[in-house]
Structures are given as structure tokens and as C-alpha cells.
Amino acid sequence: MANSTDAAALGSAPPTKKSRITKETSPALNAALAASSLANPPKPVEVIRTNYRPLRWIVNEVELEFALFDGYTVVQSTLYIGKNPNYTSADNDEDEGLVLNGDETNVKLLSLSKDDMALSSSDYTLSPGKLVVANVKDGSVVQMTVEIVPEDNTQLSGLYKSGGMFCSQCEAEGFRRITYYPDRPDVMATFKR
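A brief look at the structure comes next. (Residues numbered from 1 in each chain as written. Predicted model: local features only at pLDDT ≥ 70, side-chain atom pairs only at ≥ 80, totals over all residues. Heavy atoms only, no water.)

### Overview of the sheet that holds strand S7 (residues 130-133)
Two orientations exist for strands paired in a sheet by backbone hydrogen bonds: parallel and antiparallel.
Turning to step 1, where the next piece is worked out: Ordered in space as S3-S7-S6, the 3 strands form an open sheet in which the pairing is antiparallel. The outermost strands of the open sheet, each flanked by one partner alone, are strand S3 (98-101) and strand S6 (124-127). In this sheet, neighbouring strand axes are inclined to one another by 15 degrees on average, regardless of whether the strands run parallel or antiparallel.
Turning to step 2, where the next piece is worked out: As paired strands, S6 and S7 are joined by 4 bridges and run antiparallel to one another. By the bridge assignment, Ser127 is partnered in S7 with Lys130. (Pairing = 2+ DSSP bridges. Helix = DSSP H or I, 4+ residues; strand = E, 2+ residues; numbered from the N terminus. Axes fitted to C-alpha atoms, helices over the stretch in contact; angles between N-to-C directions.)

Next up, the structure:
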């Protein structure tokens, strides 16, 4: 985990391996959805293992960089995308794109890019608990920067602070409280950094 007070700006440029993480001042890309979800929280949905269908796109590898500050944490994630060999068109008759789960009430989406190009709102769709990135292909690289507040996370799921210690609980479905990700038990990505 990184701890940086450097003044380098994040902006909408994708993170690089040499980047220093700082406080982002631009509005969240998912701010309107977060406000709506806070005002009208979605009802919990029971997920049954037998209802899972293979995803069209899978995350093969993930790079994460955390910067812990007083009162907030910035997470930069890089997702390396591949075609799911277990997917058949019978599994799902619509091409949704890359489906990522996220808790918009906890995760403030600051920037989003694909293959080193910043995405506009027409390149992705946000809905409660979900971010869908359009037009991915085998070998695409999706990068995002999010802000979370572990000190305010009282669900003890995702990244939270207990006393003076940072803790994480990602099972089941806790990782979506850290960043957008296909948060399912059948996603077996390799994590680095």
C-alpha cells in the first residue's frame, strides 16, 4: 500500500506504474447514481449459485494500488480482460460488455479508461450495483481510480478501519466496496501489487 502526499494530479488519465496518488477534486462519475441509491436503497437480492451463468468477459489479472490518507483512500485498479472460454451465446443472449459490480454508495468513481483512452459516459453504463464497459475485446485493459472512506465503512465489508488498523473483508461480495470488479465466486483472477 502506498502513502503519498505528492501533488501529482490524477485527472482522467489512466494510472501508470510510476504514478503518485493524491486527492482527486473532480466530481465522481457515479455521483448521481450514488445519491439516488442513498435516497432509495435497492432491496437485497438473493443470489443462488445455480443461477450463475458464465460471463462473456473475464478478468485474468488485476493490479491494485492503495494510497491511505486521513479520511479517505484512493484505489487505482488495472484489469486485464480476456474472453471467457466457458461462455456460450446460450448463456446470455445480449452482449452487455464487461460487467463490473460496485457499491456506488461506498465507491466514488473518479476516472475510467480502456486501452489507455479515457471513457466518456457513452462508453459505459452505470446502474445500481453495476458498471458495464462497452466494446471490450480480448486483451483490453480497463483502468479506474476510485475513492473510498474506510473510516466511514460500518458494514465491516470491503476495506474498513477498526481502531487504528485497516482491515479488509471481501467474502462474500465485499470487494465491490473497494472498487468496481466482477465480484463473483467464479472469477479467479491473479492479483498483483
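### Some remarks on the packing of aromatic side chains
Turning to step 1, where the next piece is worked out: Across all of its chains, the model carries 4 aromatic pairs by this definition.
Turning to step 2, where the next piece is worked out: With 4.7 Å between their ring centres and 15 degrees between their planes, Phe69 and Tyr72 make a pair best called stacked. Across the pair, Tyr72 and Phe69 agree in class, each one buried.
Turning to step 3, where the next piece is worked out: With a centroid separation of 5.0 Å and an interplanar angle of 75 degrees, the aromatic rings of Phe175 and Tyr181 are classed as edge-to-face.
Turning to step 4, where the next piece is worked out: Its relative accessible area of 9% is what places Phe175 among the buried residues. (Phe/Tyr/Trp six-rings, centres within 6.5 Å; stacked < 30°, edge-to-face > 60°. Buried < 20%, exposed > 50% of the residue type's maximum accessible area, 1.4 Å probe, protein only.)

### Points about the nonpolar core
Turning to step 1, where the next piece is worked out: Judged by nonpolar contacts, the single largest core of 31 residues is most densely connected at Leu79, Leu98, Leu100, Leu131, Met144 and Tyr181.
Turning to step 2, where the next piece is worked out: Where this core is concerned, the elements lending two or more residues are strand S1 (57-69), strand S2 (72-83), S3, strand S4 (108-114), S7 and strand S8 (141-148).
Turning to step 3, where the next piece is worked out: The greatest single-element share of this core, amounting to 6 residues, is contributed by S1.
Turning to step 4, where the next piece is worked out: Here Tyr181 is in contact with Val59, Val62, Leu79, Leu100, Asn101, Phe175, Val187, Ala189 and Phe191, once residues within four sequence places are set aside. (Core = buried A, V, L, I, M, F, W, Y, C linked by side-chain atoms within 4.5 Å. Contact = heavy atoms within 4.5 Å.)

### Quick look at the pairing of S7
Turning to step 1, where the next piece is worked out: Summarising the sheet, S3 and S7 pair through 4 bridges and their orientation is antiparallel. Bridge assignment links Leu100 to a residue of S7, and that residue is Leu131.
Turning to step 2, where the next piece is worked out: Joining the antiparallel neighbours S6 and S7 is a turn of 2 residues, in which Gly129 adopts a positive phi near 80 degrees.

### Things to note about the pattern of salt bridges
Turning to step 1, where the next piece is worked out: Under the criterion given, the structure shown has 6 salt bridges.
Turning to step 2, where the next piece is worked out: With its nearest N and O atoms 2.4 Å apart, the salt bridge here joins Arg177 to Asp103. Separated by 74 residues along the polypeptide, Arg177 in the loop between strand S10 (165-169) and strand S11 (190-192) and Asp103 in the loop between S3 and S4 bring together distant segments of the chain. Grouping residues by exposure puts Arg177 and Asp103 together as buried.
Turning to step 3, where the next piece is worked out: Asp186 is the partner of Arg184 in a salt bridge, and the nearest nitrogen-oxygen pair spans 2.6 Å.
Turning to step 4, where the next piece is worked out: The class for Arg184 is buried, based on a relative accessible area of 17%.
Turning to step 5, where the next piece is worked out: Judged by its relative accessible area of 44%, Asp186 is partly exposed.
Turning to step 6, where the next piece is worked out: Each of the salt bridges in this network shares a partner with another, and the network as a whole consists of Glu173, Arg176 and Asp183. (Salt bridge = Lys/Arg side-chain N within 4 Å of Asp/Glu carboxyl O.)

### A look at the sheet that holds S4
Turning to step 1, where the next piece is worked out: Here 6 strands make up an open sheet; going across it, the order is S5-S4-S8-S2-S1-S11 and the pairing mixed. The open sheet has two edge strands, strand S5 (117-118) and S11, and neither has a second partner.
Turning to step 2, where the next piece is worked out: As judged from the 3 bridges shared by S1 and S11, these two strands associate in the parallel manner. The partner of Glu61 across the bridge, within S11, is Thr190.

### Description of the side chain of Asp103
Turning to step 1, where the next piece is worked out: Using a relative accessible area of 15% as the deciding quantity, one classes Asp103 as buried.
Turning to step 2, where the next piece is worked out: A distance of 2.5 Å separates the side chain of Asp103 from the side chain of Thr105, its partner in a polar contact.
Turning to step 3, where the next piece is worked out: Not counting residues up to four positions away in its chain, the partners in contact with Asp103 are Arg176 and Arg177. (Polar contact = N/O pair within 3.5 Å; in protein donor to acceptor, adjacent residues only side chain to side chain.)

### Focus on the layout of surface pockets
Turning to step 1, where the next piece is worked out: In this structure, the largest pocket spans a volume of roughly 1300 Å³.
Turning to step 2, where the next piece is worked out: Taken together, 44 residues make up the lining of the largest pocket; nearest its centre are Val47, Asn101, Gly129, Glu173 and Arg176.
Turning to step 3, where the next piece is worked out: Listed by contribution, the elements that provide at least two residues to the lining of the largest pocket are helix H1 (31-39) and S3.
Turning to step 4, where the next piece is worked out: Here the lining of the largest pocket is built from residues that sort into 16 nonpolar, 12 polar and 16 charged.
Turning to step 5, where the next piece is worked out: The space that makes up the second largest pocket amounts to roughly 250 Å³.
Turning to step 6, where the next piece is worked out: Along the walls of the second largest pocket sit 13 residues, with Cys170, Glu171, Asp183, Arg184 and Pro185 positioned nearest its centre.
Turning to step 7, where the next piece is worked out: Among the residues forming the lining of the second largest pocket, the class breakdown is 9 nonpolar, no polar and 4 charged. (1 Å grid on protein atoms, 1.4 Å probe; cavity = no way out; pocket = protein on both sides within 12 Å on 5 of 7 lines; lining within 4 Å. Points joined across faces, edges and corners; volume = space filled by probe spheres on them. Nonpolar A, V, L, I, M, F, W, Y, C, P; charged D, E, K, R; others polar.)

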